[in-house]
Amino acid sequence: MIETDYLVVGAGAAGMAFTDELIARSDADVVMVDRRDRPGGHWSDAYPFVRLHQASANFGVNSRVLGTDSIDATGPNAGFYERASGVEICDYFWHVLDDHLLPSGQVRFLGMCDYVGDWSNEHAVRSLLTGAVTGVRVRRRVVDGTYLEVQVPATHTPSFTVDPDAHFIPAGGLVDLAEPPAGFTVLGAGKTAMDACTWLLEHGVDPDRVRWVRPREVWMLDRASLQPLSLLPATLAALAVWTECLACAESVPDLFRRLEESGELTRLDPAVEPAVFRGPILSRAERAGLGRIDRVVRHGRVRHVGADRLVLDEAEAPTERGEVHVDCTASGFRWAPPRPMFEPGRITLQSMIGGFSTYYAALVGFLEATRDDDTERNRLSPPVPQVTSATDWVPMMRGLLRSSALHAAEPDLAAWSDTSRLSLTRGLSGQVDHPRVAEALARWAASAEPALKNADAFLADPA
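Now for a description of the structure that goes with this document.

The rules behind the values
Residues numbered from 1 in each chain as written. Predicted model: local features only at pLDDT ≥ 70, side-chain atom pairs only at ≥ 80, totals over all residues. Heavy atoms only, no water. Helix = DSSP H or I, 4+ residues; strand = E, 2+ residues; numbered from the N terminus. Rg over C-alpha atoms; globule rule 2.2 N^0.38 Å. Buried < 20%, exposed > 50% of the residue type's maximum accessible area, 1.4 Å probe, protein only. Contact = heavy atoms within 4.5 Å. Areas by Shrake-Rupley, 256 points an atom, 1.4 Å probe, with all protein chains shown as cover. Pairing = 2+ DSSP bridges. Right-handed = clockwise from strand over helix to strand, strands pointing away. Polar contact = N/O pair within 3.5 Å; in protein donor to acceptor, adjacent residues only side chain to side chain. Disulfide = S-S within 2.5 Å. Axes fitted to C-alpha atoms, helices over the stretch in contact; angles between N-to-C directions. Left-handed = near helix turned anticlockwise from the far one by under 90°. Nonpolar A, V, L, I, M, F, W, Y, C, P; charged D, E, K, R; others polar. 1 Å grid on protein atoms, 1.4 Å probe; cavity = no way out; pocket = protein on both sides within 12 Å on 5 of 7 lines; lining within 4 Å. Points joined across faces, edges and corners; volume = space filled by probe spheres on them.

Before going further, it helps to spend a moment on the overall build of the chain. Secondary structure summary: the chain contains 11 helices and 22 strands in total. Here the C-alpha atoms of the chain give a radius of gyration of 23 Å, agreeing with the 23 Å that 2.2 N^0.38 yields for 463 residues. Based on the C-alpha atoms only, the size of the chain along its principal axes is roughly 60 × 60 × 45 Å. Per-residue burial for the chain yields a buried fraction of 55% across its 463 residues. Residue pairs at least 24 apart in sequence account for 74% of intrachain contacts in the chain once pairs closer than 6 positions are excluded. Carbon and sulfur atoms form 52% of the exposed surface of the chain, whose accessible area is close to 19,300 Å².

Okay, structure coming up:
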């Protein structure tokens, strides 16, 4: 039996951000437990060419910079703040643990261990190497950093069957190919599939050799609309447009028409209405590259991958025996209903807008250390489920408007957000006199109340 104030289950990005902020503002003792031998969560299993959606400048933990806060000069991300690769992110979290959390004397890390408690009264961890079970007496709370656990191609089980002699690989298997295949069939419509297609094109693969099985079209965000620091004026202008579109829309279809006309939401095929919004953030250059792939298959989800045919919901498609099928169908964040962040004996890490998980995990750590009442903590941290369908843009935006208003009314929270390196609006107080910032804030303020009213109405009746 070991004792601790907090047992943090999951040393992924959210668990690390929470722990980092908690020990910065309290003398709490923390035990972190993870199934892997090092921190980093799903980034340890991600495909080698993965990069952040968002800027490195506001990802990770508050106590350590990720990257150099510089703007890329070349490539598809030119003009925007750098985005760390998966390898860089894993290295970053290892250094956060080894150079900061463990030396603090407040944190212990139990790697290669699984949580086997009941999340309420009984807490224990089991070694994945020896099977030994250790009880944990938690004086304050267990912190669930796995509630929205991420699935990646390398570790998930496909929902379809695969013939043994079909050439089938996860996205990361692309880097291990030793011979040119007859062609590439990319399975999936999300960000992983977009990354795989982009990687193939960047490595000289002719677009005609890429077949993309997209069961649904996806709404995408423009990377120019979500940039921090020196590019914050353009970001605030974009957020003002989002708010105005929501405030003026007469229906959900009208809302998406307005967002698309403003350039804030985009799609790859103008002839097909997207059914999904999961928050992929792409630059114009990346979207233009993906638009070069004309061999798009839209016959529903994959049911079977054979050596000479694909079986889909609505049709079958022939495939060559030498063609490689690239699995990009993992769901990413697991969908789960929102639950209170703070409960007796338990904290469940979630987002307040459906994304930017490290910022909101650190915010939960801040609230745990600086507030004494769970009712007040929960009032300031209303969770939003992970975005999936297209209409989930509405609760995402409502969450952004609600949390922004709540936090602006709390002087210490507002000051924390203004200085937190994880905040997209870090340093806003120093730019309020910028003409573009002042204009955007005024537009936001004028549209926020009618936008919230419309959001509530659309969620009650999305038609």
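All right, on to the pairing of strand E1 (residues 2-9) then. Extensive coverage of E1 is indicated by the burial of 6 of its 8 residues. Direction of pairing for E1 relative to strand E6 (residues 133-144): parallel, over a ladder of 7 bridges. Within the sheet, the bridge partner assigned to Val 8 lies in E6 and is Val 143. Bridge count for E1 against strand E2 (residues 30-33) is 4 bridges, and the pairing is parallel. The residue bridging Val 9 from the neighbouring strand is Val 33, located in E2. Since E1 and E2 lie parallel, the crossover through helix H1 (residues 13-24) that links them has a hand, and here it is right-handed.

Attention now goes to the side chain of Ser 56. As for its placement among the helices and strands, Ser 56 is situated in the loop between E2 and helix H2 (86-101). Owing to a relative accessible area of 1%, Ser 56 belongs among the buried residues under this scheme. Among the polar contacts made by the side chain of Ser 56, one reaches the main-chain amide nitrogen of Ala 84 at a distance of 2.7 Å. Apart from residues lying up to four places away in sequence, Ser 56 is in contact with Leu 66, Glu 82, Arg 83, Ala 84 and Arg 421.

A few words on unusual backbone geometry. Of note, Asp 69 is a non-glycine position whose phi angle comes to about 55°, a positive value. Position of Asp 69 among the secondary structure elements: in the loop between E2 and H2. Residue Asp 69 is classed as partly exposed on the basis of its relative accessible area, which comes to 27%. Phi at Met 112 is positive, roughly 55°, even though this residue is not glycine. Take Met 112: it is sitting in the loop between strand E3 (107-110) and strand E4 (113-115).

Our next topic: the sheet that holds strand E13 (residues 265-266). The pairing of strands in a sheet comes from backbone hydrogen bonds and takes either a parallel or an antiparallel form. The mixed open sheet is built from 3 strands, whose spatial order is E13-E12-E14. At either end of the open sheet lies a strand with only one pairing partner, and these are E13 and strand E14 (276-282). In this sheet, E14 lies alongside strand E12 (residues 218-222) in parallel orientation, the contact comprising 4 bridges. Bridge assignment links Trp 219 to a residue of E14, and that residue is Phe 277.

Within this structure, the stated rule accounts for 0 disulfides. Here Cys 90 is not cross-linked by a disulfide; its sulfur's nearest cysteine counterpart is in Cys 328, at 19 Å. For Cys 90, a relative accessible area of 9% gives the class buried. Left unpaired, Cys 248 is separated from the closest cysteine sulfur, that of Cys 245, by 7.5 Å.

What follows concerns the packing of helix H7 (residues 357-370) against helix H10 (residues 411-419). At a closest axis distance of 12 Å, the pairing of H7 and H10 adopts a crossing angle of 145°. The handedness of the crossing between H7 and H10 is right-handed. Contact residues: H7 offers Tyr 359, Ala 362, Leu 363, Phe 366, Leu 367 and Thr 370, while H10 offers Asp 412, Leu 413, Trp 416 and Ser 417. When its residues are assigned to classes, the contact of H7 with H10 shows 7 nonpolar, 2 polar and 1 charged.

This part covers the layout of surface pockets. Any empty space left between atoms is shown by rolling a water-sized probe over those atoms. Taken as a whole, the second largest pocket encloses approximately 360 Å³ of empty space. Around the second largest pocket sit 20 residues that line it, and Arg 51, Pro 76, Arg 83, Glu 202 and Glu 286 are the ones nearest its centre. Elements represented by at least two residues in the lining of the second largest pocket include exactly helix H3 (191-202) and E14. Ranked by the residues each element gives to the lining of the second largest pocket, the list is headed by H3, at 6 residues.

Once that is clear, we can look at the sheet that holds strand E18 (residues 316-318). As summarised here, the arrangement of the 4 strands in space is E8-E16-E17-E18, forming an open sheet in which the pairing is mixed. Edge positions in the open sheet fall to strand E8 (161-162) and E18, since each of these has one partner strand only. With 3 bridges joining them, strand E16 (residues 302-305) and strand E17 (residues 309-312) adopt antiparallel strand pairing. Following the sheet pairing, Val 302 is matched in E17 by Leu 312.

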